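Geometric and topological summary
If you want the building blocks of each chain, they are given just below.
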Amino acid sequence: MRKKIVLIDGHSILNRAFFGLPDLTNAEGLHTNAVYGFLNILFKVLEEEQPEYLTVAFDVHAPTFRHKMYDAYKGTRKPMAEELRQQVPLIKQVLEAMGIKIMEKEGYEADDILGTIATTAQEEGLEVSVISGDRDLLQLADEHIQIRIPKTKMTGTEIENYYAKDVVARYQVSPKEFIDVKALQGDTADNIPGVPGIGEKTATNLIVQYGSIENAYEHVEELKPPRASKNLKEFWQQAVLSKDLATIRTRADISYDLKEAKLGELYTQEAYALFQRLEFKNLLNRFDDSAKVVTKHECVLIQNKDEAAAILAKAKEATKDDLLAFYIVQEEQQVLGVAIAYAKDQMFFLQAQEVGQMSFFDDDARADALELLNQLKQVIASAAKVSAFHLKEAVKMMQLRYQPKYFDPEIAEYLCNPLKKSYPYEDIASQTGLGMLPTKNETLGKTSDAKALKEDTGHYMTYLGNLLYTTYACVSVYEEKLKKEKMQKLFEEMEMPLVFTLASMEKWGIKVKAEELKAYSQQLSEKIAVLEKEIYAIAGEEFNINSPKQLGVILFEKMQLPNAKKTKTGYSTAADVLEKLAKDYPVVSKVLDYRQLTKLKSTYADGLATCIASDGRIHTTFQQTVTATGRLSSTEPNLQNIPVRIELGRLIRKVFVPEDGYVFVDADYSQIELRVLAHMSGDENLIEAYKSAQDIHTATASKVFHIPMEEVTPQIRRNAKAVNFGIVYGISSFGLSQDLSITRQEAQEYIKQYFETYPKIKTFLDGLVEDAVNTRMAITMYGRKRPVPELSSGNYMQRQFGERIAMNSPIQGTAADIIKIAMIRVDQRLKKEKLQSRLLLQVHDELLIEAKQEELEQVKQILSEEMEHAAELSVKLEIDMHSGNNWYEAK
DNA sequence: CATATCACG
DNA sequence: ACGTACGTGATATGC
């Protein structure tokens, strides 16, 4: 039995995998599909062959890839897709981590390396398998050299196998003759000229008959067809050159030590860590426990009160001039305990007294938890620096006041990488070089915290240890990182103080009239029932109007309505499609009304009702680490999308009311994004338009369409307004034409006129794109960054999208920065001036304050001062402000 | 769990 | 020849 060696054509297999799989990315935004596909092919081959030796060969330079199957017809080489290029170093890293031999040598193509090793290995008595997606390698097939070509199919990976005899069976020629066929036929993708007029058929026939180009040349007068005879004579030198180009070297001057190719343990710790980072979850099952445990951090469980007190005292002493890290473990309003660290190896979990299982509210337990938090608060108060996981929650629970010493790891990581879906501690640990830690899920499985703590205490202490260690040890790393990225001020002076402002807003919540909400819901129900009946009557049957699928069938099949537009899954029934049909088909306008009403009922009337807490108020959560641009978001419930544009929806704002003795004051910035644009671009015309206190959309209309201000009709003003919006979004003629229902040409003309009116805006936006292409970042006035990986995509659409992001993010982000500053200052001033009025909500460019009746004037003063002077721009920041006895009135 | 739709800035 | 406006979150449906 011969020993086996497997040789892999690295770039070729990577390429195959890349085109065979949909795009995959990990949390860092790295593209991983090619690496993943490569590994799947690798593991499949290894399982089938059980080889002794393995080597992967790469070309040293791979600036281009031969897309034979994809664009051979163009006879060109495309530059390698960026998404694929990124994965070349990655696969090498993976292979190294698994201890797999990589061969590459300057001056040689991977083919030559494979050819040489394969030939030598066969001579030395090995059985050889060469894995490649490239049929050129078939010339290497021999008695003991098998060429294997994987095909990614729907059903998985299938592999075509060729020994020498299989090549003859399939192509009529031997592997050696295969070279001659190619020499005649040529290969545009490989820059092999071949002989003109000879294609695959003729080439094969000639070589079947004569065995080689040399022999064919000797009989050149007899060749058929005559064209072949004539051209081979004429292009003989070119044929000889082609043969040379097509020949894979089998005696390349490479030093190759078979011992280095011997397969060892593939499933190493390094490989495990890398697979984790790349999020190859399926492949992680292949590892056993020895690979998984890299570092272990444990919390020491403290249940005894005296011991807890001793530890808190020690922590207090140790952190007087030093860092304290903590995390409050809670579940459903119940504090289970407090994890604290006062050094990297001094981590404890102080368990709160258990709440009795029988009684839902256990006053003793509650008092105990409060006492624990109170003690923690004192340690926090005296600590020099404090890092807390979920800082905002802690601020709410212990009513902490802002001091510059606080640190929130999730927010630090968010500033460094704002595109991630979430910020779990293990990502923070890996990003700050603290190692690959097991996730909460991996340590505990899917159970509740309370259950895990009780029934799996050991693992729970490991989970907390990992979380807390990360919270403690990441601080110094991020401080350096933020300094280096010039985001230190942004973090310390904007995001951290904001945590405290948001905590206060969430804690206050907003009062909602539950009964009125219910009445509103019932009102809607009645109207919905009427519409429902009418729609069924017209349709002639009952169906689920809320199902786009069923609705599409009814409208576009049964009722044969025109202009059916398709989505992936069926007909589009989106509002913009239906609106075009509404005036001709009453049923469509009823459907639109129905949609509106059911939306109001389910999301707002009924949805909000379930969110009213026992204090009669709704406490939203403001997310500080979600958006790519630096805006906030609001969840459970979302109070940033309460209806306002349509009257019936707007009415719902009447249920949001101030407490007795208070009024609402609502202030919103007037076109803050356009003003930011005017400032950042420095366009004199736009700045001047604002300085002369004109209505900006009318002024734009007048200038862009060359008509006097007085003659700007509402319609023309609307168009100008759409253009202004478009500019902020990163304008495209298509988008604008859609929005205004005009042709692309007209939209293009509007844009052209706009840029002629405000020339510096064009320069500015082009500059933003150029900078983003160079730095791969969009950046705000305050230094907030957003990576724009779309700009390096191989896909034109994606790159186009990247350009719009590059234009929009600095504008939207700067506006978001400014209102954050305003929020902090308004909040801090209300507190400093010892007012009872409080900030409740932020809706991107709007703040809502619940003002004590007697403080109304003072509050208005504070709002206008702090909002208008949050940033000093070359145009004034103006606000609109209203007060009222509910949100409807105040807006 | 993904998709379509629609509410907001 | 393509097929897009920027940023979010909640709900209902249907696989």
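All figures in this text were calculated on a predicted structure; none of them were measured in a lab.

Let's talk about the packing of aromatic side chains
Following the criterion strictly, the structure yields 27 aromatic pairs and no others. Ring plane angle 70° and centroid distance 4.8 Å describe the contact between Phe-705 and Tyr-750, whose orientation is recorded as edge-to-face. Remark: Tyr-750 occurs in helix 35 (residues 744–757) and Phe-705 occurs in helix 32 (residues 696–705); sequence separation between them is 45 residues. Residue classification places Phe-705 among the partly exposed positions, given a relative accessible area of 22%. With relative accessibility at 16%, the residue Tyr-750 sits in the buried group. What links up through ring pairs into an aromatic cluster is the set Tyr-36, Phe-43, Tyr-267, Tyr-272, Phe-275, Phe-280 and Phe-287. Sitting over the ring of Phe-43, Arg-286 keeps its end group 4.1 Å from the ring centre. The ring of Tyr-888 has Arg-650 lying over it, and the distance from NZ or CZ to the ring centre is 6.0 Å.

With respect to the protein's contact with DNA strand B
Contacts to DNA strand B come from 23 residues, most closely from Thr-573, Arg-595, Lys-599, Val-644 and Asp-845. Near the protein, meaning within 4 Å, the atoms of DNA strand B are sugar or phosphate in a fraction of 74%, with bases accounting for the rest. With respect to DNA strand B, the backbone of Thr-573 contributes an N or O atom lying 2.7 Å from a phosphate oxygen. The contact in question runs from a base nitrogen of DNA strand B to an N or O atom on the side chain of Asn-641, over 2.8 Å. Per-element accounting of the surface near DNA strand B gives the leading share, four residues, to helix 28 (residues 586–609). Taken together, the residues of the surface near DNA strand B break down into eight nonpolar, nine polar and six charged.

Re empty space enclosed by the protein
Taken as a whole and assessed by the stated rule, the structure comprises three cavities of 30 Å³ or more. Counted as a void, the largest cavity has a volume near 40 Å³. Residue lining of the largest cavity: Gly-630, Arg-631, Leu-632, Ala-816, Ile-819, Lys-820, Gln-842 and His-844, and that is the complete set. Residue contributions to the lining of the largest cavity peak at three residues, all from helix 37 (residues 796–832). Residues belonging to the lining of the largest cavity are distributed by class as follows: three nonpolar, three polar and two charged.

Focus on the sheet that holds strand 20 (residues 662–669)
Taken in spatial order, the four strands line up as 23-24-20-25 in an open sheet, and their pairing is antiparallel. The outermost strands of the open sheet, each flanked by one partner alone, are strand 23 (838–842) and strand 25 (879–884). Neighbour to neighbour, the strand axes of the sheet diverge by 20° on average, direction disregarded. Across six bridges, the pairing between strand 20 and strand 25 is antiparallel. Looking across to strand 25, one finds that Tyr-669 is bridged to Ile-879. Of the strands in this sheet, strand 20, strand 23 and strand 24 (846–852) are in contact with helix 37, which crosses strand 24 at around 10°.

Here we look at helix 28
An ideal rise of 1.5 Å per residue puts 34 Å on 24 residues; helix 28 measures up with 33 Å between its terminal C-alpha atoms. Lys-601 marks the point of greatest bend in helix 28, at about 35°. Listing the buried residues of helix 28 in full gives Val-587, Val-588, Val-591, Leu-592, Tyr-594, Leu-597, Thr-598, Leu-600, Tyr-604, Ala-605, Gly-607 and Leu-608.

What about the protein's contact with DNA strand C?
Residues in close proximity to DNA strand C total 35 residues, the closest being Asn-544, Ser-547, Lys-549, Ala-628 and Ser-633. Near the protein, within 4 Å, the atoms of DNA strand C are sugar or phosphate in 64% of cases. At a separation of 2.7 Å, a phosphate oxygen of DNA strand C approaches a polar side-chain atom of Ser-633. Contacts to DNA strand C include Arg-804, whose side-chain N or O atom sits 3.0 Å from a base oxygen. In terms of residue count, the dominant contributor to the surface near DNA strand C is helix 37 (six residues). The residue inventory of the surface near DNA strand C, partitioned by class, reads nine nonpolar, 18 polar and eight charged.

Some points on the UniProt feature "domain: DNA-directed DNA polymerase family A palm" (unreviewed entry) in chain A
The positions that UniProt labels "domain: DNA-directed DNA polymerase family A palm" (unreviewed entry) are, in the present scheme, residues 649–855. Across residues 649–855, helical content stands at 59% and strand content at 14%; the span's end C-alpha atoms are separated by 31 Å.

Some words on the side chain of Thr-470
With respect to the helices and strands, the residue Thr-470 is situated in helix 23 (residues 457–484). For Thr-470, a relative accessible area of 1% puts it in the buried group.

Points about the pattern of salt bridges
Side chains bearing opposite charge may pair, as long as their charged atoms lie close to each other. Inspection of the entire model under this criterion finds 54 salt bridges. As a salt-bridge pair, Arg-286 and Glu-47 come within 3.2 Å of each other at their nearest N and O atoms. Taken together, the residues span a long stretch of sequence, with Arg-286 in the loop between helix 14 (281–284) and helix 15 (289–292) and Glu-47 in helix 2 (residues 33–49) at a distance of 239 residues. Of the charged contacts, one joins Lys-182 and Asp-187 as a salt bridge, the two residues approaching to 3.5 Å between their closest N and O atoms. Residue Lys-182 shares its accessibility class with Asp-187, and that shared class is buried. Shared partners join several salt bridges into a network, and the residues in it are Lys-4, Lys-44, Glu-48, Glu-49 and Arg-148.

A look at the domain arrangement of chain A
For chain A, the assigned domains are domain 1 (4–168 + 249–277), domain 2 (301–485), domain 3 (519–615) and domain 4 (674–795). Computed from C-alpha coordinates alone, the two centres of domain 3 and domain 4 are separated by 35 Å.

Section: the environment of Lys-566
Here Lys-566 shows up in the loop between helix 26 (548–558) and helix 27 (575–582). Separated by 82 residues in the primary sequence, Lys-566 and Leu-648 place their C-alpha atoms 31 Å from one another. When sequence neighbours within four positions are dropped, the list of residues in contact with Lys-566 reads Tyr-571 and Ser-572.

What to know about the environment of Pro-810
For Pro-810, the location among the structural elements is in helix 37. Residues Pro-810 and Lys-565, spaced 245 residues apart in sequence, show a C-alpha to C-alpha distance of 35 Å. With sequence-adjacent residues up to four places away left out, Pro-810 is seen in contact with Met-680, Leu-768, Ala-778, Ile-779, Thr-780 and Ile-805.

Rules and cut-offs
- Residues numbered from 1 in each chain as written.
- Chains lettered and ligands numbered in written order.
- Predicted model: local features only at pLDDT ≥ 70, side-chain atom pairs only at ≥ 80, totals over all residues.
- Heavy atoms only, no water.
- Phe/Tyr/Trp six-rings, centres within 6.5 Å; stacked < 30°, edge-to-face > 60°.
- Helix = DSSP H or I, 4+ residues; strand = E, 2+ residues; numbered from the N terminus.
- Buried < 20%, exposed > 50% of the residue type's maximum accessible area, 1.4 Å probe, protein only.
- Lys NZ or Arg CZ within 6 Å of the ring centre and 35° of its normal.
- Near = heavy atom within 4 Å.
- Polar contact = N/O pair within 3.5 Å; in protein donor to acceptor, adjacent residues only side chain to side chain.
- Nonpolar A, V, L, I, M, F, W, Y, C, P; charged D, E, K, R; others polar.
- 1 Å grid on protein atoms, 1.4 Å probe; cavity = no way out; pocket = protein on both sides within 12 Å on 5 of 7 lines; lining within 4 Å.
- Points joined across faces, edges and corners; volume = space filled by probe spheres on them.
- Pairing = 2+ DSSP bridges.
- Axes fitted to C-alpha atoms, helices over the stretch in contact; angles between N-to-C directions.
- Contact = heavy atoms within 4.5 Å.
- Expected span 1.5 Å × (residues − 1).
- Bend = angle between axes of the 7 residues up to and from the residue.
- UniProt positions renumbered as here; feature names shortened; annotations may be inferred.
- Salt bridge = Lys/Arg side-chain N within 4 Å of Asp/Glu carboxyl O.
- Domains from an automatic or database assignment.

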